[in-house]
Amino acid sequence: MRMYGLMSMYFIIANFAHPVTPTFIQNLGLNDYMFGVAFASMAATNFLFSPFWGKLSKNIGSTKIMGFCFIGYSVAQAIFGLADSEMDIIVGRMLAGFFNGGIIVNQMIYIMDNSSVERKGQNLAIAATIMAVASPFGYLIGGLIGDHSVGLAFGLQVVGLMIVGVLHWFVISDPVITEKIAFKELIKQSNPIKVVIDAKSLLSLTLVFFFLIVMTTSFASTAYEQCFNYYIKDQFGFPPSYNGLLKAVVGFITFAANSTITMWLLKKTNINRSIIFVLSICLSMMIAIVLIDDIVPFIIINVVFFGFNAIYLPLMQAILAKFNQGEGNGGVLVGLFNSMRSFGMVFGSLFAGFIYTVGPKLSFVFSGVAFAISIGFAYLTYRQIRIKFKTTGS
């Protein structure tokens, strides 16, 4: 429960800057594509160093790593908030991705290492629900503050992240570590490409299809969300608080959806099949978003989409937990999971930024295409699992 409380604080504070970022970029007079480049810079280092943080947890412990990374993330956000050029923003965002990757990976590792086999899927789903519900309230707070001062939103985020980092060292603890990896070997094993090689013995065709779902849904959601945040500022002239208010509404919808629909899907249905239907709804919502231009119906459909978009992540994490049946495989699979998500974020954000300069709604179009592809991979994953089930009779 203490970990969930710290996660709630993290997801609220970490989102203070998001609703003010479009205003921040426009106030600096930078190119429109910078909203995509900024997020992609963060996602790139997140992708590159996620395996490193996963491996390092075996030597130091997840709690110590999270505390350190929160402080580093705080410094990175200070650099971002003080930026006055494109290069400053890129540097700040790359540092943020480096440290944020350590937080995300070790949160998942901590939960998996401290959960029974039966509870891993549900506990990861709870964590995903906390993220989906708490993040919009961070948007709301950051947006309301940003209407008065963009700098204040960044300042409060910097201080908040620092405090959460220190709390990790006092509130939760790691088990005693008996075996450690030599640092030279740890660096060697932390190559983001090598993480795939390390997982080679674990990777079946089913897992390959699953991680392709992770990557394509990450691309789709990132391309959509990064474009949406900038779109409502650039096209409709919404102030930061409007973005925050929208995300707060989404938070209520997400809480209701994850407390009812998601938990029901996890407990009562075959989640390998259920995720196909969830992704299909996301695709249908995306098609509607592309076709509608009027502000009110456009916003309503987007809010509904955000709710369904939050459901598939807990399902994917529960599927990941089912794959993690062997001893000592958690760090490898979680690192690969986060790397694939980050890989999709990098290209989704970059693509959204540059395609926006061609047409403001084109990012929504290609997000829909990515969701369609993810549905195909979800069906192939489900089919492979069915074949394995029939073959083993288990």
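So, a few notes on the structure that sits alongside this text.

### Quick look at the overall build of the chain
Here comes step 1: When helices and strands are counted, the chain shows 16 helices and zero strands.
Here comes step 2: The globule rule puts the C-alpha radius of gyration for 394 residues at 21 Å, and the 20 Å found for the chain is close to it.
Here comes step 3: Each principal axis of the C-alpha distribution contributes one length, and for the chain these read about 55 × 45 × 35 Å.
Here comes step 4: The 394 residues of the chain split such that 57% are buried.
Here comes step 5: Nonlocal contacts in the chain, meaning residues at least 24 apart in sequence, comprise 87% of its contacts between residues at least 6 apart.
Here comes step 6: Looking at the chain as shown, the accessible area adds up to about 16,200 Å², and 68% of this sits on carbon and sulfur atoms.

### Here we look at the nonpolar core
Here comes step 1: Grouped together as the largest cluster of nonpolar side chains are 120 residues, with contacts concentrated most on F210, F211, I275, M316, F337 and F364.
Here comes step 2: Considering each element in turn, this core owes the most residues, 15 residues, to helix α10 (residues 205-234).
Here comes step 3: For F337, the contacting residues outside a window of four places in its chain are M108, F210, F211, V214, L313, M316, Q317 and L320.

### Some words on the packing of aromatic side chains
Here comes step 1: For the structure shown, the criterion picks out 37 aromatic pairs.
Here comes step 2: Note on F228 and F306: the rings are 5.5 Å apart at their centroids and 75 degrees apart in plane angle, and the pair reads as edge-to-face. Remark: F306 occurs in helix α13 (residues 295-309) and F228 occurs in helix α10; sequence separation between them is 78 residues. Here the two residues F228 and F306 agree in accessibility, since each one is buried.
Here comes step 3: When the ring of Y312 is compared with that of F371, the centres are 6.4 Å apart and the planes differ by 80 degrees; the resulting orientation is edge-to-face. Note that Y312 is positioned in helix α14 (residues 312-323) and F371 in helix α16 (residues 362-392), a separation of 59 residues in sequence.
Here comes step 4: In this structure F371 comes out as buried when scored by relative accessible area, which is 0%.

### Notes on empty space enclosed by the protein
Here comes step 1: Tallying each qualifying case throughout the model produces four cavities of 30 Å³ or more.
Here comes step 2: Taken as a whole, the largest cavity holds about 1,100 Å³ of empty space.

### Some details on the packing of helix α3 (residues 34-60) against helix α5 (residues 86-113)
Here comes step 1: Two numbers describe how α3 lies on α5: the axes approach to 6 Å, and their chain directions differ by 40 degrees. The angle between α3 and α5 falls in the class oblique. Two packed elements cross with a definite hand, and for α3 against α5 that hand is right-handed.
Here comes step 2: Looking at side-chain class alone, the contact of α3 with α5 contains 14 nonpolar, eleven polar and two charged residues.

### Concerning the environment of L279
Here comes step 1: Summarising the element assignment, L279 is placed in helix α12 (residues 271-291).
Here comes step 2: Separated by 247 residues in sequence, L279 and D32 have C-alpha atoms that sit 29 Å apart.
Here comes step 3: When sequence neighbours within four positions are dropped, the list of residues in contact with L279 reads I213, T217, Y312, F371, S374, I375 and A378.

### Details of the pattern of salt bridges
Here comes step 1: The final tally for this structure, using the stated rule, is one salt bridge.
Here comes step 2: Its salt-bridge partner being D293, residue K361 comes within 2.9 Å of it at the nearest N-O pair. A residue pair is termed long-range when its members are at least 10 positions apart, and K361 in the loop between α15 (330-356) and α16 and D293 in the loop between α12 and α13 qualify at 68 residues.

### So, a nonpolar patch on the surface
Here comes step 1: There is a patch of nonpolar side chains on the surface, built from V75, I79, M87, V91, L95 and M162 and spanning about 460 Å² of accessible area.
Here comes step 2: Elements with a minimum of two residues in the nonpolar patch: α4 (62-81) and α5.
Here comes step 3: Examining the composition of the nonpolar patch, we find that three residues originate from one element, α5, more than from any other.
Here comes step 4: Note on placement: M87 falls in helix α5.

### Points about the side chain of S135
Here comes step 1: Mapped onto the secondary structure, S135 falls in helix α6 (residues 120-148).
Here comes step 2: Residue S135 is classed as buried on the basis of its relative accessible area, which comes to 12%.
Here comes step 3: Contacts of S135, omitting those with residues within four sequence positions, involve F11, N15 and I130.

### Focus on the packing of helix α1 (residues 2-13) against α6
Here comes step 1: One way to put it is that α1 packs onto α6 with a least axis distance of 7 Å and a crossing angle of 35 degrees. α1 and α6 meet at a crossing whose hand is right-handed. Note on element contacts: α6 touches α1 through N123, I126, A127, I130, M131, A134, S135, G138 and I141, opposite Y4, M7, S8, F11 and I12.
Here comes step 2: Class assignment for the residues of the contact of α1 with α6 results in ten nonpolar, four polar and no charged.

Reading the values: the criteria
- Residues numbered from 1 in each chain as written.
- Predicted model: local features only at pLDDT ≥ 70, side-chain atom pairs only at ≥ 80, totals over all residues.
- Heavy atoms only, no water.
- Helix = DSSP H or I, 4+ residues; strand = E, 2+ residues; numbered from the N terminus.
- Rg over C-alpha atoms; globule rule 2.2 N^0.38 Å.
- Buried < 20%, exposed > 50% of the residue type's maximum accessible area, 1.4 Å probe, protein only.
- Contact = heavy atoms within 4.5 Å.
- Areas by Shrake-Rupley, 256 points an atom, 1.4 Å probe, with all protein chains shown as cover.
- Core = buried A, V, L, I, M, F, W, Y, C linked by side-chain atoms within 4.5 Å.
- Phe/Tyr/Trp six-rings, centres within 6.5 Å; stacked < 30°, edge-to-face > 60°.
- 1 Å grid on protein atoms, 1.4 Å probe; cavity = no way out; pocket = protein on both sides within 12 Å on 5 of 7 lines; lining within 4 Å.
- Points joined across faces, edges and corners; volume = space filled by probe spheres on them.
- Axes fitted to C-alpha atoms, helices over the stretch in contact; angles between N-to-C directions.
- Parallel < 35°, antiparallel > 145°, perpendicular 65-115°, else oblique.
- Left-handed = near helix turned anticlockwise from the far one by under 90°.
- Nonpolar A, V, L, I, M, F, W, Y, C, P; charged D, E, K, R; others polar.
- Salt bridge = Lys/Arg side-chain N within 4 Å of Asp/Glu carboxyl O.
- Patch = residues over 30% accessible without salt bridge, like charges linked within 9 Å, V, L, I, M, F, W, Y side chains within 5 Å.

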